[in-house]
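Descriptive structure summary
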Amino acid sequence: DLGTGKLISRIDASGWGGKYYWEIDNVDKQKPVWLVNARLTWAIGQFELTAFARNLFNRRYDLEFVPVQFGGTITGQDLGAAAPPRQVGGSVKVRF
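Quick caveat, the model's predicted, so the values are computed rather than measured. (Residues numbered from 1 in each chain as written. Predicted model: local features only at pLDDT ≥ 70, side-chain atom pairs only at ≥ 80, totals over all residues. Heavy atoms only, no water.)

Mapped onto the secondary structure, Asn55 falls in the loop between β5 (47-54) and β6 (62-66). In this structure Asn55 comes out as buried when scored by relative accessible area, which is 6%. From its side chain, Asn55 meets the backbone nitrogen of Arg59 in a polar contact 2.8 Å long. A distance of 3.3 Å separates the side chain of Asn55 from the backbone oxygen of Pro84, its partner in a polar contact. Those residues in contact with Asn55 that sit more than four places away from it in its chain are Leu35, Val36, Asn37, Pro84, Pro85 and Arg86. (Helix = DSSP H or I, 4+ residues; strand = E, 2+ residues; numbered from the N terminus. Buried < 20%, exposed > 50% of the residue type's maximum accessible area, 1.4 Å probe, protein only. Polar contact = N/O pair within 3.5 Å; in protein donor to acceptor, adjacent residues only side chain to side chain. Contact = heavy atoms within 4.5 Å.)

Below is the structure:
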């Protein structure tokens, strides 16, 4: 408790990978990915002020990957979509 308000913290981690293969031939494999998110909220009366960070340690990884032999691209390159980098922000909540 901070006087009439309270400070609420939250940290969570999620992970996946290790045996995740991108395509049926099992050649390309996703490396394990661990993400950490954090949130800090100051609640006072009907107000809440929150700061947050997603992907706190700015882990770089692919959300999607398609090797050229399965993608049929004319460039002869693999296709991929990168995951979002670290995101930070805040919010304000008012309860009526």
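The sheet contact formed by strand β1 (residues 5-16) and strand β4 (residues 33-44) spans 12 bridges and is antiparallel. Paired with Ser9 across the strands is Leu40, a residue of β4. Bridge count between β4 and β5: seven bridges; the pairing is antiparallel. Bridge pairing links Leu40 to Ala51 in β5. Hairpin connection between β4 and β5: a loop of two residues separates the two successive antiparallel strands, and Gly45 in this loop has a positive phi of roughly 60 degrees. (Pairing = 2+ DSSP bridges.)

In this structure the tally under the stated criterion is two salt bridges. Measuring nitrogen to oxygen at the nearest pair gives 3.9 Å for the salt bridge that ties Lys93 to Glu48. With Lys93 in strand β8 (residues 87-94) and Glu48 in strand β5, this residue pair connects regions lying 45 residues apart in the sequence. Classification of Lys93 by relative accessible area gives partly exposed; the value is 42%. Glu48 is the partner of Arg95 in a salt bridge, and the nearest nitrogen-oxygen pair spans 2.9 Å. With Arg95 in the segment after β8 and Glu48 in strand β5, this pair connects stretches of sequence that are 47 residues apart. The class of Glu48 is buried, set by a relative accessible area of 17%. Salt bridges linked by common partners bring Glu48, Lys93 and Arg95 together as one network. (Salt bridge = Lys/Arg side-chain N within 4 Å of Asp/Glu carboxyl O.)

Attention shifts here to the packing of aromatic side chains. Both the distance between ring centres and the angle between the ring planes are used here to describe each pair of aromatic rings. With the rule as written, the count across this model stands at one aromatic pair. Judged by centre distance (5.6 Å) and plane angle (75 degrees), the rings of Trp16 and Tyr61 are edge-to-face. Pair noted here: Trp16 is in strand β1 and Tyr61 is in the loop between β5 and β6, with a separation of 45 residues, a long-range link. (Phe/Tyr/Trp six-rings, centres within 6.5 Å; stacked < 30°, edge-to-face > 60°.)

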